[in-house]
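Single-letter residue listing:
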Amino acid sequence: MGGLCDAPRPGRPRVFPTAVAAQVKALACEMPAANGTPLARWTCPELARKAAADGIAPTPSPSTVRRWLAGDAIRPWQHRSWIFPRDQHFALKASRVLDLYQREWDGKPLGCEEYVISADEKPGVQARMRIHLPLPAGPGRAMRTESEYRRYGALAYLDAYDVHRAKVMGRCESSTGIKPFTALVDQVVTAEPYASAKRVFWVVDNGASHRNWAAAARLSDAYPNAQMVHLPVHASWLNQVEVYFSVIQRKLLTPDDFEDLDELAT
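Scoring rules and cut-offs
- Residues numbered from 1 in each chain as written.
- Predicted model: local features only at pLDDT ≥ 70, side-chain atom pairs only at ≥ 80, totals over all residues.
- Heavy atoms only, no water.
- Helix = DSSP H or I, 4+ residues; strand = E, 2+ residues; numbered from the N terminus.
- Areas by Shrake-Rupley, 256 points an atom, 1.4 Å probe, with all protein chains shown as cover.
- Lys, Arg positive; Asp, Glu negative; His and termini not counted.
- Charge placed at Lys NZ, Arg CZ, Asp CG, Glu CD.
- Core = buried A, V, L, I, M, F, W, Y, C linked by side-chain atoms within 4.5 Å.
- Buried < 20%, exposed > 50% of the residue type's maximum accessible area, 1.4 Å probe, protein only.
- Contact = heavy atoms within 4.5 Å.
- Pairing = 2+ DSSP bridges.
- Polar contact = N/O pair within 3.5 Å; in protein donor to acceptor, adjacent residues only side chain to side chain.
- Patch = residues over 30% accessible without salt bridge, like charges linked within 9 Å, V, L, I, M, F, W, Y side chains within 5 Å.
- Salt bridge = Lys/Arg side-chain N within 4 Å of Asp/Glu carboxyl O.
- Axes fitted to C-alpha atoms, helices over the stretch in contact; angles between N-to-C directions.
- Left-handed = near helix turned anticlockwise from the far one by under 90°.
- Nonpolar A, V, L, I, M, F, W, Y, C, P; charged D, E, K, R; others polar.
- Phe/Tyr/Trp six-rings, centres within 6.5 Å; stacked < 30°, edge-to-face > 60°.
- Lys NZ or Arg CZ within 6 Å of the ring centre and 35° of its normal.

Caption draft 1: View of the overall build of the protein chain. Per the secondary structure count, the protein chain includes 9 helices and 7 strands. Principal axes of the C-alpha set define a box for the protein chain whose edges measure 90 × 50 × 35 Å. Carbon and sulfur atoms provide 56% of the accessible area of the protein chain, an area that totals close to 16,500 Å². Each charge class in the protein chain was averaged separately, 33 positive and 29 negative side chains, and the resulting centres sit 9 Å apart.

Have a look at this one:
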């Protein structure tokens, strides 16, 4: 009878020795290959199986392993993408752009005839049509979207976003490049209020269409009141237009059902 009383009661989590949890966490902190396991990363079921194979007893279930790892303060078994800053002038370039967002340049406030444009391209926007129409949602069931589709080509969406007026000026092109980006610049700078503005700052990343001093020179030569301001390398996330692109992706392009490029462009 004593053995029955010692067994865990149904519905109650089993209490494991602290040493067992510590051994499983230590295992999770190591790369699977270091333990002879041909995996790129651990999953909770794999950790539970490995614990059993290594003789860790009592052996926890995958759900118990998941609970242990989720409750830990430091989680070295998790990873996320990271790029070390390569731009030695990162702080200087980033601060200039952040100052512009606050309507300041070289320590002086911008005037009412000075504007800040955040510009970039969203390439490879595909026109795809599902082979079968989506099935509507029902009680307790989300809308179901067909996974197969037909391709009808792709466009590049170029956009210039007036940071302080919250105005979007965009265009579609067959591809990205210097010529399409120049067309976007012409579209914006030849229209009011930018045509007669004192200065128009163009915040851009380091993409090939508007990279380095050559792109800045092309802009200022064509439009003396326009000035290009480059973000640090690998800092596109500081570009305000990326926020707008993310809204476009969520609201218009997911899921994407377009019969042709003309429909996609509109």
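Caption draft 2: Inspection of the nonpolar core at higher detail. Grouped together as the largest cluster of nonpolar side chains are 25 residues, with contacts concentrated most on Leu100, Val203 and Leu264. Elements with a minimum of two residues in this core: helix H5 (90-101), strand E3 (114-130), strand E4 (149-162), strand E6 (199-204) and helix H8 (241-252). When residues in this core are grouped by element, the largest group, 4 residues, is from H5. Ignoring anything within four residues of it in the chain, the contact list for Leu100 reads Trp105, Leu110, Val116, His164, Phe201, Val203 and Val229.

Caption draft 3: The pairing of strand E5 (residues 167-173), seen in detail. With 7 bridges connecting them, E4 and E5 associate as antiparallel partners. From the neighbouring strand, Leu158 faces E5, where its bridge partner is Arg171. Linking E4 to E5, which pair antiparallel, is a turn of 4 residues; within it Ala166 sits at a positive phi near 50°.

Caption draft 4: Broad picture of the side chain of Ser209. Tracing the sequence through the fold places Ser209 in the loop between E6 and helix H7 (212-222). Look at Ser209 and you get buried, because its relative accessible area is 6%. A polar contact of 3.2 Å, which involves the side chain of Ser209, links it to the backbone nitrogen of Gly177. Once residues lying within four places of it in the same chain are set aside, the contact partners of Ser209 are Glu121, Thr176, Gly177, Ile178, Phe181 and Arg218.

Caption draft 5: Molecular detail of a negative patch on the surface. Together, Glu259, Asp260, Asp262 and Glu263 make up a region of like negative charge exposed at the surface. Residue position: Asp262 is located in helix H9 (residues 261-265).

Caption draft 6: Representation of the packing of helix H2 (residues 18-28) against helix H3 (residues 44-53) within the structure. For the pair H2 and H3, the least separation of the axes is 10 Å and the interaxial angle reads 120°. For H2 against H3, the interelement crossing comes out right-handed. Along the contact surface, H2 presents Val24, Leu27 and Ala28, while H3 presents Leu47, Lys50 and Ala51. A breakdown of the residues in the contact of H2 with H3 according to their chemical character gives 5 nonpolar, no polar and 1 charged.

Caption draft 7: Focus on the pairing of E4. As judged from the 11 bridges shared by E3 and E4, these two strands associate in the antiparallel manner. Bridging from a neighbouring strand, Ser118 pairs with Tyr161 of E4.

Caption draft 8: Broad picture of the sheet that holds E3. The 5 strands lie next to each other as E5-E4-E3-E6-E7, forming an open sheet whose pairing is mixed. The open sheet is flanked by E5 and strand E7 (226-230), the only strands paired with a single partner. Taken over all neighbouring pairs, the strand axes of this sheet differ in orientation by 30° on average, direction set aside. Note that E6 and E7 share 5 bridges and pair parallel. Its bridge partner lying in E7, Val203 is registered against Val229. The strands touched by H5 within the sheet are E3, E6 and E7, with E7 carrying the most contacts at an inclination of about 130°. Each of E3, E4 and E5 is contacted by H8, which is oriented at about 25° to E3, the strand it contacts most.

Caption draft 9: Expanded view of the packing of aromatic side chains. Scanning the entire structure with this criterion turns up 8 aromatic pairs. Ring plane angle 40° and centroid distance 6.4 Å describe the contact between Tyr244 and Phe245, whose orientation is recorded as tilted. Given the relative accessible area of 23%, Tyr244 is considered partly exposed. For Phe245, a relative accessible area of 4% corresponds to the buried category. Feature note: the residues Tyr157, Tyr244 and Phe245 constitute an aromatic cluster, connected by ring pairs. Over the ring of Tyr149 we find Arg128, and its NZ or CZ is 4.3 Å from the ring centre.

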